[in-house]
Structure formats: structure tokens, C-alpha cells
Amino acid sequence: MQPTFRAVLVIVFFFWSQLTIAVQTDALEPLEWVRSDSALGLTVLKVVIPVAPFQQHTKIAFKPEQWRVIDRNGALRQLYLTATEDESAINLYGLVQATQDSSLEFFFARDWVHFGGPIFTLSLDTRQAPDRPIPLLAEWSEARNLAFAQSVGDELQSQLLILWMQIADKVYGGASSPEPERLTEVAPEELLTAFSLFSGEAAIQETLQQQLLSEVTNPVADGDINTLQGPEIVSHPFETLVQNRSGGTLAIADLVPVDRYLVYISNPGKALTWLDKLAETGHSLIGFQQQSALQWDLIPRYLERLNLSRELVEKLSPLVRQTAFFGPDLYLEQGSHITLLVEAPTSPLLTAFLKKLFNQSSPTGEDPIQPYGSDNTAYFAQHERWLIFSTSRTEAAAAYQLALSEGQGSLGKSAELRYMLSLLPGEEQGLYVYFSDPFIRAMLGPESKIAQLRRQQARARLNLVTAGALLYRLDHGRAATLEELVRHSYVSQGWLQSWEGDRITLDERGLAHSSLYGTLARMTPLIDLSITTVSAGERQAYQQYVSDYSRYWQTYFDPIGVRITVDKQVHIETLILPLVQNSIYNLVRQTIGGQPISMTLPGLSPTPITTLSFKLPQAMLREWVAGTTQHNVQPDWLKSLGGSLHFALYDSDPLLVLGSADLLGAFSGAWLGGGREFWWWGLLGSLLTQPAAVFVELNNNADSAVDDLLLEELIWNWTVQMDFGDSTLEQLGQNGSRGWVYTLSWEDVLRIHLYIRKINQYLVISNRQINFRTTGSEEVLPEANAGIKIAFDNINAMTPLLHLHRMQRESQAVLKNIGRLLPFLLLGEESPTQAIEWHALFYGSRPEHPTGGTWFWQSETQVLTSNTFGTPSVPRVPSFFDPVDERGPASPLDQLQTLDVRFRFEEEGARVQLTLTPRPAVQ
């Protein structure tokens, strides 16, 4: 093709495309239009447009979420569309930015991922609009609220957008001022799964009891806090216990106050690598469960507060023998203090490091606690080989005094830690986390609980003031003083004080500051809040909390030790001693308590993808049999049962899932709201919807061998109890060579088959005909009372379903983040990246986009979309069969090989051994 001819074609195509667009763009004629001024300095323009052209174009009823309006001349902004009540016309509302000609373009798109040029145009001269004495602000605000709700759909989780809508009703519509958010939480038992139970997660949550006190509305303090008593529960007799064994030692713990948590790191050079790997593997596990897709950046945040960069830490680590850190509470996301302890012998390199840290000059002065850093003041102390870095002068001084006294009265010298270290040594390679009896007692004390309640109430008011200030900026295009915000009702006077002595102000960036509680992104640590008096409501709420707590804890507090080893595998061993008596573990203890046993998994193929194993509940079986036999006679077959029971799920892609769709929540009862009754409902749900089998270990003693007649008696007794409908029990195969098949049917509409046979020393009951084959490779695992094992390598058919479930969870998280980021983009931020930074500045967290996806912000149409999950109005999830570069990792199965959890009761407590094996990296 000749260049000249090609150029002619390009010119022709260009003009043809312009002609096509011109043909498709129709000019609209308004039915009427008016403008209205307000005392707020905002002018609203309302235009009534016929609906017929919109319906003719889309062939469906008018939906405002599918349309956007842009003013090319900039005369109007914040333009919103609504249908009239009779749907015969469309109302267009906008704020008048300048009295000049307005050139409006109307865009249409169903998903706002693919859209073309403007469909309609409308030209107006805002100067010629008739004035209307009745204000239009309320109508415009209602239209905007509708647009906000449509922008985030059912996932209206943006607290900022919700508060904007509530404040707007007050400012423009005369509604009552919004109240601070109610402080409500989801009860942990409502989310209970077999994994949370046997991994120790539920026990830790139950021990720490971090839920807030009941809502208190009276802010007048009139009583001494010292009149309140925390839970009066005795400490475990560690002094007596440690005398009977050789107690462990941890030298660095001699610098830790006894009522602080401890995190010990044996190899400082690998500390950051270990933490990164833990975060990576933890994210893979979280991929199976609900997630928020909010990044709190705790490690960088607290390194910054200590004025330590990652680079400095990596340079210091070769000089360090061991390190640890401690703190007074676990509220790290909201704000807490942290103290870093380092053992580093004096050397020229160490001296050079300290000089660099202190701007080329060593700390001087008589006070051994030296402040350092310009923006964030941190504190440093040194005693012989010990270096102390802390965000708190008080905490640094406490560690320094313990160093001077060689640990007298420290956590390291306590009988409690020495006893626990004898049961769970801490000097092995890895991390050691310890929550002591005094630490738990302090977390539950009145000072901590009431301080946390007041801080949360202050947080609610900071949220309101922040929302009011940002909404004013959205409306007027500029920031306002606090006086202006109060005068125009964007902020209520009552929001400015959350407690006596407190005052909320705004800085030049619009950040709300509480004089007592800090900012939303960095709140004042609890131990810095001096609380000496309490209100009557607080007193009553705390006393109720103590009463509820004491009903659970009637013996001792539960110290918790966790040892984490990170190598080719991740090992997490948790010791909780003792477990409370009246807890969620009561049923577990009653059912499978007592001496742990060696639970040998059957060496059969196919291999299950998830196995839940536990001691055979002999007492429960005897009670059940006693109720089904005469004269309470124990049949011979009961003596033939062995010690363990295994529930196994096999690889498949079920059409209906009731139980364990996410593997980690395997056999979960939460789907029925039963929480603690996962034993029955969760197992039944799994057995009804996925290929599953139950393995009952049989006693292999010669004098109690299970012959076919005895086994048949067991099966007949069992099937009698299962006689819910029309049922039959038949031999399967020639002369019963394949066991039995039990068929249960209801009116020939629903039919269930259970296949029963003896394989080696197991009675096997499956819901499908599975051709079990002996492999001779039985796996003997550590003795335990219960266990969970997931073999990710064996998952094939179920991978697309797991991928779908993970994508659905990530989609929910991403759509919530659209609600978090959209307000900052509407305020003028040019990109989602900038909006993320502003969200981190105001709220302390960064909304992420998981699965390798990205955000796409269309500034003209003001639509935020995800290239992976679409928009709230038109959500989508990637198919498992999409190209890899489109959907990111196929599933967390790509990163994991096996997960094994062993749970056992031990000395009135519980020990959990969790081993996570990542998939080897492809070279």
C-alpha cells in the first residue's frame, strides 16, 4: 500500500469516526430549570430533562448509576441524576461553580469499565436560570447521597461516606446530628471453627478477653478508680511447680517488667526475614478466610517511632547476639508503646552506629534515659552489654532499672516464666512470644479497660469531626476552620469533647487532634492516659465485665507461651496453661480429654485433602449405647473400638457446600450459627455435600479381634438409630466382599447411601464408593487429643472452587476499599495511589488491592474500578481458567504444601503444634 493512499485512508477514517460520534450524540432540551442560593454560600441548579431519550437509548428503565454527567466548561460540579417520583422525567442537580455557559455531556456504561463517548449533550447558561426562593440544597444532597450509595453498592463499609451522608442530612436537610458510632463487636464464639478451636486461636482470644466494656454515655467522672477491683482470681502456684523440675532461663527477659508481653528473637540477623516469611505464609492462610485488605504496616510504623530504619537494623544485626521487645498491651494498630532490647558487646562498629543514630554525637547528660530523634522522640539507655530503645521514657527507665538490679522483680526471674520455659523452651532458633499472668491481669484491669473504652469513644468523635471537615472541603473546594464548621453545622459542638479535659482541634492539613487521645492514625497509648476517676456508668460496666469474666475463670489465669521456628517449614507451638474450666473447651475436654494418644492416620489411597482426627469419645459412646440397650448392658462390639476417630474429606468439586468450603474452616458449625456445636452440624454438612469418609479405629488386641459377625452387630445397632425414613442395609459385593451399603430415602425423593466396610484395623464409613487401596505408609504423628491436616498437594478437582471462594472474599474486601478510597478521589486526589496515602495519613491504614490487581480512577466520570473485580454495581470475579497475568496467583494452593495441627490437653492446659510447609520455590 502506497504511503499517500494510506494517509488518505487515515484521514477518511478520522472524519468518519467524528461523523459517527456526531450522529450518536443528541442534544437534549430541558423541560424546566431553576437555581437557588443558600446561606451556606452554595448555589444549586436543578434541570428537569425528559426521560424518553434515555430509555430509548438503553432499551430499559432509567438507572442513575449507569449515567454520568460532565461539564466541559467547569460551570457546574458535583452533578447528580435522579428520576422523578412518577419516573416521567429526570432531575439533574449540580453546584454552580461559575455563572457562565455550561456544556454538559452525558455518558452511559453498564459497568464503567467499558464506555464510549458522550450519548447526549445539554447547553445551558447558568446566568439565565430563574431564581427559586425555596432552597434546593436538600434535594441536591439527597441525590448525592443516592450516588454515594450506588458507588459502593451493598458494600457500604466506608465509614467516611456513611458519615458524609448523615452530616449532609443535618447540614442541608435539617435532620438531627449523627451520633458517634455504637461500639459493638462480633462475639468470637460466633466465628468458631475446628481450626480456630484446635489451633489455640480460640483459647488465646478467650484468655485475653479484649472486647470493649458496654456502651457508656455519661462522661462525668465522680468516683475513685481504685475502688474498682479486677478479676480476683488466684495465680497458678508457679513457685511450687518450678521446684519439681529444672526451670528454664532467658537472660534478656531480666530486663522485661513482669506485667509486659515479651517477644524474644534468637537470631537478630534473621528477624526481619522471619517476620516477612510469617506475614507471607499468614497471608496465604488468610486467603482461605475473610479478610479486610487493610495494611497497617506495623513493622515500618514502629521502626519509624523508634527512629530506626530497616537499613539501620540490618546493619546493626551482625553486632547483636540476641534481641527482644516488650509492650504494655496488644492494641498495636491503634497505638501502643514498644521497647526494643538488644544484647550487643561494645565494639568500634557499635560506637559508630550509635553516633550515626544520635547525629554524630553520643548522648550526654546525667540522665541515663536519653531522648533522640527530631520528628518522633524516642528514648535510649545503655547498661553494659544491654541497649534499650523505647517509644516511652517510662518504659525505657523500667528496663534500665531492671538491668541495674540484675533482673530482680523482672519477668525473667519470675517462677512463672522459668516454669513455662521448662515446658516450652525459648532459646531454640526462632521467636518466642509470652503473655504472663500479670500481663493478662493488667490487660483486664480497670485502668486498661476503661482507658480503651474512652479511647474508642474519642475515636468515634474524631471520625465525626474528620468527616465534617472533609465534607466541607468537598462542598466548598477549600478547608475551613473549626469555628466555620461548627457555625455551618458540619461539626457539632458536642463532638469536640469526648471526655472531661479533652478537646478536639484541626491542624492545617485538616487532621483532627484530640488533646488527650491523639489522632485516628496514631492514638495515645493506654498507659499514657492517666485515669484516676470513673463515672457511675463506667463503674457499672466494668463490674459487669468482671462478673462475666469470673464466671469463666474460677481457678487460675492462663499464661500463654508461643514458640515460632521459621525455616523450610513454619512451626508454631503454643502452650496455654491452664485452660479455663467454664469455657468453649469444656465440651472438648469432656469429649476427647484425658491422656493424649498416638493417632495413626490410615495408610490408604486416595489420600484425603482435609482430615479431622480426635480421640474416640468412649464416654459419649457408652452413654449412647446405654440409652439404646436394655439393662445398660455393654455389647461386645463396644470393646472392640480403638482409640481414634478420623473424618476425611476428598478432592471434588461439590455442587452444594454446607461445611468446609474453605478448608481452614473445615467442619465448621458457624454456618448454622451453632458456633460450639461444630461436632454434629458441621460434620453432617460436610458428609452430605462432599466425598467424605469416617475412619473408626478398631482394637487390634487378639482377645478382642473384630470378626465379621461382631462387625455386623455393630452396624445393625448403628443403623437402627439412623432409621429416619425408609432404610435398608444390604451386603455389597459377593458374600459381602465389599462390605455393606446402607440406604436412607425419603419418599423416593431424597436418597443417601453410606458404604461401610472393614479395612485393616479401621471401620470405614463413606458417602461414596471409594476404591480404597492399602499403601503401607501409615503416618504416625505426635500424640494428641485432636488434629487437623490439610494436604494441599492432593487438591486438584476442588482447586477452581477454592479459587472462586477466595476471589469472592477478596472481591468483598476490594469493594469495601472502593468505599474507603472514593471520598479522597472526590476531594481531588489525582490517583488511587495518592488516595491510599491520604487514607493512611488520616486513618493509619492502607487499603490494598490483593491478587495483583490495580485500581483505575476515571476522573471525568468519577468512577473507581478494579481491573480484577469491577465495581460494586457490576461486580465480577476472575475465573480460575483466565490467563495467569489477568488474575494473579491461581490460589493460595500455589504457595502451600501441607498444614498440620496437633492439639493435646496437658497439665490442665493445652499444647498446640502447628506445622506449615510452603511449596518449594520453582528454580
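Reading guide: rules and limits
Sequence order sets the numbering: in each chain, residues are counted from 1 along the sequence as written. With the structure being a predicted model, the display of local features is reserved for residues of pLDDT at least 70 and the display and counting of side-chain atom pairs for 80 or more, all residues being used for whole-chain, interface and lining totals. Computation of side-chain values: all heavy atoms of the structure, hydrogens and water removed. Think of it this way: any DSSP run of H or I at least four residues long counts as a helix, any run of E at least two long counts as a strand, and we number them from the N terminus. Partly exposed residues are those whose accessible area sits between 20% and 50% of the maximum for their type, while under 20% is buried and over 50% is exposed, using a 1.4 Å probe and protein chains only. We call two residues contacting when some pair of their heavy atoms lies within 4.5 Å. Only strands that DSSP links by at least two bridges are regarded as paired with each other. pLDDT is defined as a per-residue confidence score from the predictor, taking values between 0 and 100. A pocket here means an open set of points on a 1 Å grid, computed over the protein atoms alone, that has protein on both sides within 12 Å along at least five of seven lines. A cavity is instead a set of points where a 1.4 Å probe fits but cannot get out; residues with an atom within 4 Å of a point line either one. Grid points are joined across faces, edges and corners, and a volume is the space filled by probe spheres set on the points. Residue classes follow a fixed rule: Ala, Val, Leu, Ile, Met, Phe, Trp, Tyr, Cys and Pro count as nonpolar, while Asp, Glu, Lys and Arg count as charged, and any other residue, Gly among them, counts as polar. Structural elements are reduced to axes, namely lines fitted to C-alpha atoms, with helices fitted over the stretch in contact, and the angle between N-to-C directions of any two is expressed from 0 to 180 degrees. Expected span of a helix, by definition, is 1.5 Å for each gap between consecutive residues, and there is one gap fewer than residues. Any N or O atom pair separated by 3.5 Å or less is treated as a polar contact, with the protein-specific requirement of one donor-capable and one acceptor-capable atom, and with residues adjacent in sequence counted only for side-chain atom pairs. Whenever a carboxyl oxygen of Asp or Glu lies within 4 Å of a side-chain nitrogen of Lys or Arg, that contact is scored as a salt bridge. By nonpolar core we mean a set of buried residues, namely Ala, Val, Leu, Ile, Met, Phe, Trp, Tyr and Cys, connected to one another through side-chain atoms within 4.5 Å. Aromatic pairing here means that ring centres of Phe, Tyr or Trp (its six-membered ring) are within 6.5 Å. Orientation follows from the plane angle: under 30 degrees is stacked, over 60 is edge-to-face, and everything else is tilted. The patches described consist of residues with a relative accessible area above 30% and no salt bridge, like charges being joined within 9 Å and nonpolar side chains (Val, Leu, Ile, Met, Phe, Trp, Tyr) within 5 Å. Note on areas: Shrake-Rupley, 1.4 Å probe, and residue coverage restricted to the protein chains presented here. The labels follow the angle: roughly parallel below 35 degrees, roughly antiparallel above 145, roughly perpendicular from 65 to 115, and oblique for the rest.

Trainee: Could you give an account of the side chain of Ser 317, naming the residues involved and the relevant values?
Mentor: Counting through the fold element by element, Ser 317 comes out in the loop between helix H10 (310–316) and strand E12 (322–327). Here Ser 317 falls in the buried class, since its relative accessible area comes to 12%. Apart from residues lying up to four places away in sequence, Ser 317 is in contact with Pro 268 and Gly 269.

Trainee: Before we move on, could you go through the sheet that holds strand E4 (residues 67–71) and cite the residues and values that matter?
Mentor: Taken in spatial order, the four strands make up an open sheet running E1-E8-E7-E4, and their pairing is mixed. Of all strands in the sheet, those bounded by a partner on one side alone are strand E1 (26–27) and E4. One ladder, built from six bridges, connects strand E7 (residues 101–108) with strand E8 (residues 120–125); its direction is antiparallel. Along E8, the bridge assignment pairs Ser 102 with Leu 124.

Trainee: Provide a residue-level description of the pairing of strand E16 (residues 386–390), including the pertinent values.
Mentor: For E16, the tally of buried residues reaches five of five residues, placing the bulk of the element in the interior. Here strand E13 (residues 339–343) pairs with E16 via five bridges, running antiparallel. Residue pairing for E16: Leu 340 is matched across the bridge by Phe 389. Examined bridge by bridge, strand E15 (residues 378–383) and E16 share five bridges and lie antiparallel to one another.

Trainee: Could you give me a rundown of the confidence of the model for the protein, with the residues and numbers involved?
Mentor: Regions with low pLDDT carry predicted coordinates that are not meant to be interpreted in detail. Per-residue confidence for the protein gives a mean pLDDT of 80; residues scoring 70 or more make up 79%. Here helix H1 (residues 3–24) is the element of the protein with the lowest mean pLDDT, 40, and helix H12 (residues 393–404) is the one with the highest, 97. Here residues 1–23 scores under 50 on pLDDT; set against residues more than four positions off or in separate chains, the count is two contacts. Segment residues 184–191: pLDDT under 50, and eight contacts once partners within four positions in sequence are set aside and those in other chains are kept.

Trainee: So what's going on with empty space enclosed by the protein? Which residues, and what values?
Mentor: For the structure on display, the rule yields two cavities of 30 Å³ or more. Around the largest cavity sit Thr 466, Leu 511, Ala 512, Thr 519, Leu 520, Ala 521, Leu 841 and Phe 842, which together line it. Of the residues in the lining of the largest cavity, the class split is six nonpolar, two polar and no charged.

Trainee: Pulling in residues and values, what's your account of the sheet that holds strand E3 (residues 44–50)?
Mentor: Taken in spatial order, the four strands of this open sheet run E2-E3-E6-E5, and their pairing is antiparallel. Two strands lie at the open edges of the sheet, namely strand E2 (32–36) and strand E5 (76–83), each paired on one side alone. Taking each pair of neighbouring strands and ignoring which way they run, the sheet shows an average axis angle of 20°. As defined by bridge partners, E3 adjoins strand E6 (residues 89–96) across seven bridges and the pair is classed as antiparallel. Directly across from Ile 49, in E6, lies its bridge partner Ile 90. Across the sheet, helix H15 (residues 446–476) lies against E5 and E6, angled at about 100° from E5, the strand it touches most.

Trainee: Describe helix H23 (residues 799–826), with residues and values.
Mentor: An α-helix turns once per 3.6 residues; consequently, residues spaced three or four apart project the same way. When the terminal C-alpha atoms of H23 are compared, their 39 Å separation across 28 residues agrees well with the 40 Å that a helix rising 1.5 Å per residue should span. Of all 28 residues in H23, 24 are buried; the element is thus mostly enclosed. Among the residues trailing H23, Gly 828 stands out with phi positive, at a value near 120°.

Trainee: Please set out the side chain of Arg 563 residue by residue, giving values where relevant.
Mentor: Inspection of the secondary structure puts Arg 563 in strand E21 (residues 560–566). A distance of 2.8 Å separates a polar side-chain atom of Arg 563 from the backbone oxygen of Pro 425. Side-chain polar atoms of Arg 563 contact the side chain of Glu 573, separated by 2.6 Å. Contacts of Arg 563, omitting those with residues within four sequence positions, involve Leu 424, Pro 425, Glu 428, Leu 431, Tyr 432, His 571, Ile 572 and Glu 573.

Trainee: Account for the pattern of salt bridges, naming residues and giving values.
Mentor: Taken as a whole, this structure holds 29 salt bridges when the rule is applied. Across the pair Arg 509 and Asp 507 runs a salt bridge whose closest N-O atoms are separated by 3.3 Å. For Arg 509, a relative accessible area of 37% translates into the label partly exposed. On the basis of relative accessibility, which here comes to 19%, the residue Asp 507 falls in the buried class. Several salt bridges converge on common partners, so that one network encompasses Arg 563, Glu 573, Arg 904, Glu 906 and Arg 911.

Trainee: Go over the nonpolar core with me, naming the residues and quoting the values.
Mentor: Grouped together as the largest cluster of nonpolar side chains are 164 residues, with contacts concentrated most on Trp 164, Tyr 172, Phe 198, Phe 389, Tyr 490 and Phe 903. Per-element accounting of this core gives the leading share, 13 residues, to H15. Excluding residues that lie within four positions of it along the chain, Tyr 172 makes contacts with Leu 40, Leu 42, Leu 137, Ala 138, Trp 140, Ser 141, Arg 144, Asp 475 and Tyr 490. By size, the runner-up hydrophobic cluster in this structure holds 33 residues, among which are Leu 250, Ile 369, Tyr 432 and Leu 575.

Trainee: Break down the packing of aromatic side chains for me, citing the residues and quoting the values.
Mentor: Under the criterion given, the structure shown has 25 aromatic pairs. With a centroid separation of 5.0 Å and an interplanar angle of 50°, the aromatic rings of Trp 67 and Phe 108 are classed as tilted. In this pair, Trp 67 is assigned in strand E4 and Phe 108 in strand E7, connecting sequence segments 41 residues apart. Residue Trp 67 shares its accessibility class with Phe 108, and that shared class is buried. An angle of 40° between the planes, with centres 6.5 Å apart, marks the rings of Phe 842 and Tyr 843 as tilted. Its relative accessible area of 11% is what places Tyr 843 among the buried residues.

Trainee: Describe a nonpolar patch on the surface, and please don't skip the residues or the numbers.
Mentor: On the surface, a cluster of nonpolar side chains totalling about 310 Å² of accessible area is made up of Trp 746, Val 749 and Leu 750. With relative accessibility at 74%, the residue Val 749 sits in the exposed group.

Trainee: Break down the packing of helix H4 (residues 159–173) against H15 for me, with residues and values.
Mentor: Put simply, H4 and H15 touch, their axes get as near as 9 Å, and they point 70° apart. Between H4 and H15, the interaxial angle falls into the category roughly perpendicular. Touching Gln 159, Leu 160, Leu 163, Trp 164, Ile 167, Ala 168 and Tyr 172 of H4 are Asn 463, Leu 464, Ala 467, Gly 468, Leu 470, Leu 471, Leu 474 and Asp 475, all from H15. In the contact of H4 with H15, the residues fall into eleven nonpolar, three polar and one charged.

Trainee: Give me the lowdown on the environment of Asn 794, citing residues and values where you can.
Mentor: Mapped onto the fold, Asn 794 is located in the loop between strand E34 (786–791) and H23. In this structure the C-alpha to C-alpha distance between Asn 794 and Thr 607, which are 187 residues apart in sequence, comes to 7.1 Å. Ignoring sequence-local partners within four residues, the contact set of Asn 794 consists of Thr 607, Pro 608, Ile 609 and Asp 651.

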